[in-house]
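A structural walkthrough
One-letter residues, chain by chain:
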Amino acid sequence: ETAVFQTPNYHVTQVGNEVSFNCKQTLGHDTMYWYKQDSKKLLKIMFSYNNKQLIVNETVPRRFSPQSSDKAHLNLRIKSVEPEDSAVYLCASSRDRWEQYFGPGTRLTVL
Amino acid sequence: GDSVTQKQGQVTLSEDDFLFINCTYSTTTYPTLLWYVQYLGQGPQLLLKVTTANNKGISRGFEATYDKGTTSFHLQKASVQESDSAVYFCALVNNNNAPRFGAGTKLSVKP
């Protein structure tokens, strides 16, 4: 099956903890992205990676960092979570700029 | 900078009603315009795409027309079904940037 896979589906944690989310795509795309979707469904791009090169970083807090081992994987680490980090984190990949293939998302709840 | 505006946060219709979702954009160039749809529990998926070359996109009964004069890209469907219930995002792609998404419009269709 070719798609974008994300783990975990859900994660609940306490303020100050570190979390890491995984994303893998089997579509053979060169570019991967992380988006944050808040409770109002607003989509904001956080990072994009093209051939292991960071090409977009939309002024996200420094506690967020993308991690890529190869072009099929792009993980997201949050060093010390804060309440405002509660959201759905969506991973996506694309061959060209406009058609992005999204994973199902990881819902993060910070208590 | 580029922006996309969707003023309707929520639209509620009955089956077989006509759908109209408003989208306007602001940019200094002629971008590619897109509509994405996000069903419950899933990531967004591309519904249709329109470039300056073709002006109109049609997919699964939905259509949108690229209007440079009014800088609009409204989404329409003649007869909605309950299965069309989802969040619809208008988006803009310019140059080599990732898509810029509107705030989304939640469509609820009653049987």
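Heads up: the structure comes first, above all this text.
Here's a quick rundown of the structure.

Cut-off values and rules
Residues numbered from 1 in each chain as written. Chains lettered and ligands numbered in written order. Predicted model: local features only at pLDDT ≥ 70, side-chain atom pairs only at ≥ 80, totals over all residues. Heavy atoms only, no water. Helix = DSSP H or I, 4+ residues; strand = E, 2+ residues; numbered from the N terminus. Rg over C-alpha atoms; globule rule 2.2 N^0.38 Å. Buried < 20%, exposed > 50% of the residue type's maximum accessible area, 1.4 Å probe, protein only. Areas by Shrake-Rupley, 256 points an atom, 1.4 Å probe, with all protein chains shown as cover. Lys, Arg positive; Asp, Glu negative; His and termini not counted. Charge placed at Lys NZ, Arg CZ, Asp CG, Glu CD. Core = buried A, V, L, I, M, F, W, Y, C linked by side-chain atoms within 4.5 Å. Disulfide = S-S within 2.5 Å. Pairing = 2+ DSSP bridges. Axes fitted to C-alpha atoms, helices over the stretch in contact; angles between N-to-C directions. Contact = heavy atoms within 4.5 Å. Buried area = accessible area lost by both parts, 1.4 Å probe. Salt bridge = Lys/Arg side-chain N within 4 Å of Asp/Glu carboxyl O. Nonpolar A, V, L, I, M, F, W, Y, C, P; charged D, E, K, R; others polar.

1. What about the overall build of chain B?
Helix and strand content of chain B: 0 helices and 12 strands. Going from the N terminus to the C terminus, chain B shows its helices and strands as β-β-β-β-β-β-β-β-β-β-β-β. For a compact globule of 111 residues, the expected C-alpha radius of gyration is about 13 Å, and chain B comes in at 13 Å, within 12% of that figure. Over its C-alpha atoms, taken along the principal directions, chain B stretches across nearly 40 × 25 × 20 Å. The burial tally for chain B puts 47% of its 111 residues in the buried class. Accessible area of chain B: about 5,200 Å², with a carbon and sulfur share of 46%. Each charge sign in chain B was given a centre, from 9 positive and 8 negative side chains, and these centres are 8 Å apart.

2. Comments concerning unusual backbone geometry
Most peptide bonds take the trans form, and the phi angle of most residues other than glycine is negative. For the bond running from threonine 7 of chain A to proline 8 of chain A, omega is -5 degrees, close enough to zero to count as cis. Mapped onto the fold, proline 8 of chain A is located in the loop between strand S1 (4-7) and strand S2 (10-13). The phi dihedral of threonine 71 of chain B is positive, around 45 degrees, even though this residue is not glycine. Assignment of secondary structure puts threonine 71 of chain B in the loop between strand S8 (62-65) and strand S9 (75-77). We classify threonine 71 of chain B as partly exposed; its relative accessible area is 30%.

3. Regarding the nonpolar core
Counting 26 residues, the largest nonpolar core has Leu19, Trp35, Leu47, Leu48, Phe73, Leu75 and Tyr88 of chain B as the members making the most contacts within it. Of all the secondary structure elements, the ones that give two or more residues to this core are strand S2 (10-14), strand S3 (19-21), strand S5 (32-38), strand S6 (45-50), S8, strand S10 (86-93) and strand S12 (105-110) of chain B. Per-element accounting of this core gives the leading share, 4 residues, to S10 of chain B. Counting 20 residues, the second-largest nonpolar core is a separate cluster that includes Trp34, Phe47, Val60 and Ala87 of chain A.

4. Re the state of the cysteines
All names here are of chain B. Evaluation of the coordinates by the stated rule reveals 2 disulfides over all chains. Shown here is the disulfide that connects cysteine 23 with cysteine 90, its sulfur atoms set 1.9 Å apart. Disulfide cysteine 23-cysteine 90: the torsion about the S-S bond is -65 degrees, which places it as left-handed. Taken together, the residues span a long stretch of sequence, with cysteine 23 in the loop between S3 and strand S4 (24-26) and cysteine 90 in strand S10 at a distance of 67 residues.

5. Brief notes about the sheet that holds S8 of chain B
All names here are of chain B. Ordered by their spatial adjacency, 4 strands build an open sheet running S3-S9-S8-S7, and the pairing between neighbours is antiparallel. The strands lining the two open edges of the sheet, one partner per strand, are S3 and strand S7 (56-59). Averaged over neighbouring strand pairs, the angle between their axes works out to 15 degrees when direction is ignored. Two elements, S8 and S9, share 3 bridges in a ladder whose sense is antiparallel. Each residue of the ladder has a partner; that of phenylalanine 62, found in S9, is lysine 77.

6. As for the sheet that holds strand S3 (residues 19-25) of chain A
All names here are of chain A. The strand order S1-S3-S8-S7 describes an open sheet built from 4 strands, whose pairing is antiparallel. Across the chains shown, the open sheet's two edge strands, defined by having one partner strand only, are S1 and strand S7 (64-70). Neighbour-to-neighbour, the strand axes of the sheet open up by a mean angle of 20 degrees, direction not taken into account. In terms of strand pairing, S1 meets S3 through 4 bridges, oriented antiparallel. Following the sheet pairing, phenylalanine 5 is matched in S3 by lysine 24.

7. A short note on the interface of chain A and chain B
Between chain A and chain B, the contact holds 16 residues from the first and 20 residues from the second. Carbon and sulfur atoms make up 61% of the surface buried where chain A meets chain B, a total of about 1,500 Å² over both sides. Of all residues in chain A, Leu43, Arg97 and Trp98 of chain A give up the largest surface area on contact with chain B, accounting jointly for 42% of the area buried on that side. Seen at the junction of chain A and chain B, the total is 0 salt bridges. When contributions to the side of chain A that touches chain B are tallied by element, the ones reaching two or more residues are strand S4 (31-37), strand S5 (43-50) and strand S10 (100-102) of chain A. With 3 residues, the single largest contributor to the side of chain A that touches chain B is S4 of chain A. Grouping the amino acids of the side of chain A that touches chain B by side-chain chemistry returns 9 nonpolar, 3 polar and 4 charged.

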